[in-house]
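# Notes for the structure review
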Amino acid sequence: MTSPAETPGSDAFMASLAGLAHGMEGLARDAAAVQIREVRLLAAAAALAEKTAAGSPARVREHDMVLRSIAAELGGIMRVADRTMQRRIDEARTIVEDYPSVVDAWESGRIVRGHVLTIVAAGSVLPPELRGTFADAAIPTCERDTPNRVRPALEMLAQHLHPRSFAERHEAAAAGRCVRIVPGSDGMSELIAKMPTAIAEGIHDRLTQMGRAIIDTRGERAAGGGLTLGIDGSDESRAEIVSTDARTMDQVRADLFADLLLAGTPALDDTRDTSAGPLGKIRARIQVVIPAHALAGDDHDACDLVGRSPIDAAAARQLAAGNSRWERLVTHPITGAVLAVDSYRAPEKMRRYLQARDQHCRFPGCRQAAVRCEVDHNVDHALGGKTHTCNLCHLCQRHHSMKQFTCWRVRQLSGGVLEWTSPLGRIYREDAPVPAVAFTPADVTLPPF
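Just so we're clear, the structure is a prediction, and the values are computed from it rather than from any experiment. (Residues numbered from 1 in each chain as written. Predicted model: local features only at pLDDT ≥ 70, side-chain atom pairs only at ≥ 80, totals over all residues. Heavy atoms only, no water.)

## What to know about the sheet that holds strand E10 (residues 409-412)
The strand order across the open sheet formed by three strands is E10-E11-E12, and the pairing between neighbours is antiparallel. Two strands bound the open sheet, and with one partner strand each, they are E10 and strand E12 (427-430). Shown here is a sheet whose adjacent strand axes are inclined to one another by a mean of 20°, direction ignored. As defined by bridge partners, strand E11 (residues 418-421) adjoins E12 across four bridges and the pair is classed as antiparallel. Counted as the bridge partner of Trp420 is Tyr428 from E12. (Pairing = 2+ DSSP bridges. Helix = DSSP H or I, 4+ residues; strand = E, 2+ residues; numbered from the N terminus. Axes fitted to C-alpha atoms, helices over the stretch in contact; angles between N-to-C directions.)

## Considerations on the state of the cysteines
By definition, a disulfide links two cysteine residues through a covalent bond between their sulfur atoms. Throughout the structure, instances matching the rule amount to zero disulfides. Summary of cysteine pairing: Cys361 is not part of a disulfide, and the nearest cysteine sulfur, belonging to Cys366, is at 3.7 Å. Not engaged in a disulfide, the cysteine Cys393 finds its nearest cysteine sulfur in Cys361; these two sulfurs lie 7.6 Å apart. (Disulfide = S-S within 2.5 Å.)

## What to know about unusual backbone geometry
The residue Arg79 is not glycine, and still its phi comes out positive at about 60°. As for its position among the elements, Arg79 is in the loop between helix H2 (59-78) and helix H3 (82-98). Residue Arg79 is classed as exposed on the basis of its relative accessible area, which comes to 76%. The backbone of Asp186 shows a phi angle near 55°, a positive value even though the residue is not glycine. You can call Asp186 exposed: its relative accessible area is 75%. (Buried < 20%, exposed > 50% of the residue type's maximum accessible area, 1.4 Å probe, protein only.)

## Digging into the side chain of Asp358
By the element assignment, Asp358 lies in helix H14 (residues 349-358). On the accessibility criterion, Asp358 (0% relative accessible area) is buried. One polar contact links Asp358 to Arg357, side chain to side chain, over a distance of 2.8 Å. (Polar contact = N/O pair within 3.5 Å; in protein donor to acceptor, adjacent residues only side chain to side chain.)

## Let's talk about the confidence of the model for the protein
On average, residues of the protein score 77 in pLDDT, and 68% of them are at 70 or above. Overall, residues 269-285 carries pLDDT values under 50, and its contacts beyond four positions in sequence, including any with other chains, amount to 30 contacts. When the criterion is pLDDT under 50, residues 337-347 qualifies, and its contacts beyond four places in sequence or with other chains add up to 38 contacts. (pLDDT = per-residue confidence, 0-100. Contact = heavy atoms within 4.5 Å.)

## A look at the pattern of salt bridges
Between side chains of opposite charge, a pair can form when the charged atoms approach closely. A full pass over the atoms with the stated rule returns 18 salt bridges. In this structure, Glu73 engages Arg426 in a salt bridge whose closest nitrogen and oxygen atoms are separated by 3.7 Å. With Glu73 in helix H2 and Arg426 in the loop between E11 and E12, the pair connects residues that are 353 residues apart, well separated along the chain. The partner of Arg362 in a salt bridge is Glu430, and the shortest N-O contact between them spans 3.8 Å. Of the two residues, Arg362 sits in the loop between H14 and strand E8 (374-377) while Glu430 sits in strand E12, which places them 68 residues apart along the sequence. In terms of burial, Arg362 and Glu430 fall into one category: buried. Because the salt bridges share partners, they merge into one network encompassing Arg357, Asp358, Arg362 and Glu430. (Salt bridge = Lys/Arg side-chain N within 4 Å of Asp/Glu carboxyl O.)

## Overview of the packing of aromatic side chains
Evaluation of the coordinates by the stated rule reveals three aromatic pairs. Centroid distance Phe363 to Trp420: 4.8 Å. Interplanar angle 70°. Geometry classified as edge-to-face. In this pair, Phe363 is assigned in the loop between H14 and E8 and Trp420 in strand E11, connecting sequence segments 57 residues apart. Neither Phe363 nor Trp420 differs from the other in exposure class; each is buried. (Phe/Tyr/Trp six-rings, centres within 6.5 Å; stacked < 30°, edge-to-face > 60°.)

## Overview of the pairing of strand E1 (residues 178-183)
In summary, the side chains of a regular strand alternate between the two faces of the sheet. Across six bridges, the pairing between E1 and strand E2 (residues 189-194) is antiparallel. Each bridged residue has a counterpart across the sheet, and for Arg180 the counterpart in E2 is Ile192.

## Description of the environment of Arg164
If you trace the backbone, Arg164 turns up in the loop between helix H7 (147-161) and helix H8 (166-174). Spatially, the C-alpha atom of Arg164 lies 9.4 Å from that of Leu126, the residues being 38 residues apart in sequence. Sequence-distant contacts of Arg164, defined by excluding residues within four places in its chain, comprise Arg169 and Ala172.

## Concerning the packing of helix H1 (residues 11-52) against helix H4 (residues 100-107)
Interaxial distance between H1 and H4 falls to 10 Å at its minimum, and their mutual angle equals 155°. What the angle tells us is that H1 and H4 run roughly antiparallel. In the packing of H1 onto H4, the handedness of the crossing is left-handed. Mapping the contact onto sequence places Ala32, Gln35, Ile36, Val39 and Arg40 in H1 and Val103, Trp106 and Glu107 in H4. Here the residues of the contact of H1 with H4 are counted per class, giving five nonpolar, one polar and two charged. (Parallel < 35°, antiparallel > 145°, perpendicular 65-115°, else oblique. Left-handed = near helix turned anticlockwise from the far one by under 90°. Nonpolar A, V, L, I, M, F, W, Y, C, P; charged D, E, K, R; others polar.)

Okay, structure coming up:
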């Protein structure tokens, strides 16, 4: 509660508010100055990579390797992944080189960082030679409103200035259509499909229509309208199950999406039988770490989809039982000791151990799953390095080639600890991840599976 002297509109209140506003103005100026300084510094890093590789016969590859090395050096200082730092460097170079007038407006306080990012995003469709013209027209619009409000106008302006027709650009963009997965929490992930808008809208509309039909049918069955009950009671039981279905439209759409893609046909309600549903159609080679008590029916703990994200125990049991190509590591729920290893294609023992030990690429900050990485000899085999676990680790293709073509060096210590040395001589210690499994003896009775 405010005191009588600080009620809204009072002199004391207005003085306090003025102090807050003044402090915020100063903070905004200071933050902008730091942000601009960072952008210019990162753009200079890009210029350094360009200059260093200028005389190289294999200029493109050399430039990429130098840029990777610089990004790793700066990423180590800022404690971010080198890929993240390289994206920041690329973005900073675009801002400084393609939009100098935008940087000037930012420095003078006419626009803020959000405007800068909006201008860059909208102008990304334009060839570099037109971005200056676009920026000069975009800045006055940005000065009048907030970044989120000016975005549509800037996008339309960019489309208007583009020398190629929208149809031509759409045809080229459609060549980049793809599907990707973004792991989430609590055993969930986002499956993102990039495709032409008309197709995406059509898919969503069809899922909506099918979902509405399911929900409408659910209501009719709950009311008993238009339903003929069989003598054996099978239809009656089915009506009771459907009437208890309380899924929302979003949930029904998601279930239909999975059914259509994995099973080829939608199911009104998977609970009416004991089929595996969409999970039964998965045919992937994925390593899953399943605690023994999860196989026995305990659903409390998550199971580890190695290199990706946790999945629920019920899904892990279904996948482990129904797909012979899954590599199953059954572990003790307390000690983490390996109880059983079972797979369709028996993996080579050393590689299996390294996958369990490393879990992901062992370059600092990288999380590329070990199953998608290459096994690297820390001391090159051609130079006498042994094929032994103390000289092997997983590196993704990006960092494997960076180790090969740049001045980054790695040395493996005991316990799987890696010691990376940057071109500047900085040392980055990479400890082995906390093991999903522990290779220690355990006198435990295996559960049946």
